[in-house]
Number of protein chains: 2
Amino acid sequence: MELSHLKEIIPNYKNITLKKGEILYHEGDKPEYVYFLESGLVGLFHISENGSETFLRVFSPNNILGHRSFFAEENYHATSMALCPTKIVAISKEQCQNTCSQDPSFLKNITRILAKDLREAELRLAGLQDKTAGQRIAESLVYLKLKYPQKTWTRKEIAEYSCSTYETVTRLMTKAEKEDIIKKIGRDFEILDIQKLLKLK
Amino acid sequence: MELSHLKEIIPNYKNITLKKGEILYHEGDKPEYVYFLESGLVGLFHISENGSETFLRVFSPNNILGHRSFFAEENYHATSMALCPTKIVAISKEQCQNTCSQDPSFLKNITRILAKDLREAELRLAGLQDKTAGQRIAESLVYLKLKYPQKTWTRKEIAEYSCSTYETVTRLMTKAEKEDIIKKIGRDFEILDIQKLLKLK
DNA sequence: CGATAGATTGAGAGTTTTCAACCGATGTGG
DNA sequence: CCACATCGGTTGAAAACTCTCAATCTATCG
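In this report, we go over the structure that sits alongside the text.

Rules used in this analysis
- Residues numbered from 1 in each chain as written.
- Chains lettered and ligands numbered in written order.
- Predicted model: local features only at pLDDT ≥ 70, side-chain atom pairs only at ≥ 80, totals over all residues.
- Heavy atoms only, no water.
- Contact = heavy atoms within 4.5 Å.
- Buried area = accessible area lost by both parts, 1.4 Å probe.
- Salt bridge = Lys/Arg side-chain N within 4 Å of Asp/Glu carboxyl O.
- Polar contact = N/O pair within 3.5 Å; in protein donor to acceptor, adjacent residues only side chain to side chain.
- Core = buried A, V, L, I, M, F, W, Y, C linked by side-chain atoms within 4.5 Å.
- Buried < 20%, exposed > 50% of the residue type's maximum accessible area, 1.4 Å probe, protein only.
- Helix = DSSP H or I, 4+ residues; strand = E, 2+ residues; numbered from the N terminus.
- Arc of directions from axis to C-beta.
- Axes fitted to C-alpha atoms, helices over the stretch in contact; angles between N-to-C directions.
- Parallel < 35°, antiparallel > 145°, perpendicular 65-115°, else oblique.
- Left-handed = near helix turned anticlockwise from the far one by under 90°.
- Nonpolar A, V, L, I, M, F, W, Y, C, P; charged D, E, K, R; others polar.
- Near = heavy atom within 4 Å.

All right, on to the interface of chain A and chain B then. Counting from both sides, the interface comprises 38 residues of chain A and, opposite them, 38 residues of chain B. Carbon and sulfur atoms make up 63% of the area that chain A and chain B hide from each other, which totals about 3,700 Å². Seen at the junction of chain A and chain B, the total is 6 salt bridges. With its nearest N and O atoms 3.3 Å apart, the salt bridge here joins Glu74 of chain B to Lys116 of chain A. Counting every contact that joins chain A to chain B gives 15 residue pairs in polar contact (both at pLDDT 80 or more).

Written as structure tokens, this is what we have:
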């Protein structure tokens, strides 16, 4: 979705700069703004009572965030955290409201994003039923590394994205390296053969 | 969402009658219509290669369905099946398009539905990480039976909704009955104590 | 009343997680 | 620029939770 013209059509907006690990909003907070990511990377996480974290979505430049809660008219159901130094533009709810009225394609774009994200979430849900931890981890490696290659993903982040544990991620990665499917580079890694990775048992 | 006025604002529509178990659309099909449920109950299921099924969503009277794929401009990612005799109104994509343009609240309503469903899907995803099978089953019993009390849910349906197996559902229900938390009535059941059910270990 | 779909129960198996100990990389301050 | 502290990664062994498989039983319906 091309939202890069947003700054031009919105009269006044707020700039936010986040360091790695800083929180944009917490689960349960009441939405006051809709955000637009200019540079960096943000992760959306759900943190349960017993402390287990689930990595729900990744936001990269030109992505909108905070929109789900705004359009559902609900408080945030998860916590947004910068995964690296990040610059964000905050637009007030009223401004977002106005943009919706003035630019019909704006709302339609957001509807499409929500519809696609719903598909993804539901397929991940189904994947937890019918895929092994190894398969989910392999798919997560492909998704995260190919879509966001600049980021050195930690085993923990990969685990939380694939709904597994960092030990299991480590084990799968060690196995994949032994079969020349990936190559570890320091704490980072590189995918050598996507097809083999996705078929790894 | 109140969509019951849809028949009045849409000039021509198609009526569909489904028997229990009949399919409205299959995963992979290209959307030609957006549907509106008049009476009955429809389930949305994802069926994986190895045959495991995941019960994603329930649609009841006045619900719209098929909208996710339409607004994402994607083929269906799951299969819709009638859970009991059901009457549906089909609206062509063009008519849906027109309604969006003419009635701004229509699109906004759908956006809200998608946003709420995304929350639900993501929280279920997180729940698979941090809740036991028993907890998920208990929550599914509460959700399905309280929201759709008229339907006799099978153990299999409950299992697919909670991402578990019908044997595990049976075991939990037997346990819950021994503790006077639910009461089995033939193949159906009744919840006697919601709070206890949700806390059942 | 028989046939069939659905439910129950038990036992065993298997995948993942959990716990624990140790190793290695990275980055910062002296 | 080195030393060290810290964060992240690796590996092994044991435990646990569910699932799978199998046999049996019970509702429901024609």
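Moving on to the nonpolar core. Leu24, Tyr35 and Ile88 of chain A together with Leu24, Tyr35 and Ile88 of chain B are the most contacted members of the largest nonpolar core, which has 38 residues in total. Core analysis: the second largest hydrophobic core is formed by 30 residues, Leu118 and Ala121 of chain A together with Ile110 and Leu114 of chain B among them.

Residue and element names in this part refer to chain B. Those residues of helix 3 (residues 93-102) lying buried are Gln95, Cys96, Thr99 and Cys100. Seen along its axis, helix 3 keeps its buried residues to an arc of 145 degrees; they face one direction. Exposed residues pointing more than 90 degrees away from the buried face of helix 3 are listed as Glu94, Ser101 and Gln102.

All names here are of chain B. Where helix 5 (residues 133-147) contacts helix 6 (residues 155-162), the axes come no closer than 9 Å and their chain directions differ by 115 degrees. What the angle tells us is that helix 5 and helix 6 run roughly perpendicular. Relative to helix 6, the crossing made by helix 5 is right-handed. For the pair helix 5 and helix 6, contact is made by Arg136, Ile137, Ser140, Leu141, Tyr143 and Leu144 and by Ile158, Tyr161 and Ser162, respectively. Looking at the contact of helix 5 with helix 6 residue by residue, the class counts come to 6 nonpolar, 2 polar and 1 charged.

Moving on, we get to the protein's contact with DNA strand C. Neighbouring DNA strand C are 19 residues, the closest being Ala133, Thr168 and Arg187 of chain A together with Arg155 and Lys184 of chain B. Among the atoms of DNA strand C lying within 4 Å of the protein, the sugar-phosphate backbone contributes 60%. Ala133 of chain A is positioned such that a nitrogen or oxygen atom in its backbone is 2.7 Å from a phosphate oxygen of DNA strand C. At 2.9 Å, a side-chain N or O of Arg171 of chain A approaches a base oxygen of DNA strand C. Elements with a minimum of two residues in the surface near DNA strand C: helix 7 (166-178) of chain A together with helix 7 (166-178) of chain B. Counting residues per element, the surface near DNA strand C draws most heavily on helix 7 of chain B, which supplies 5 residues.

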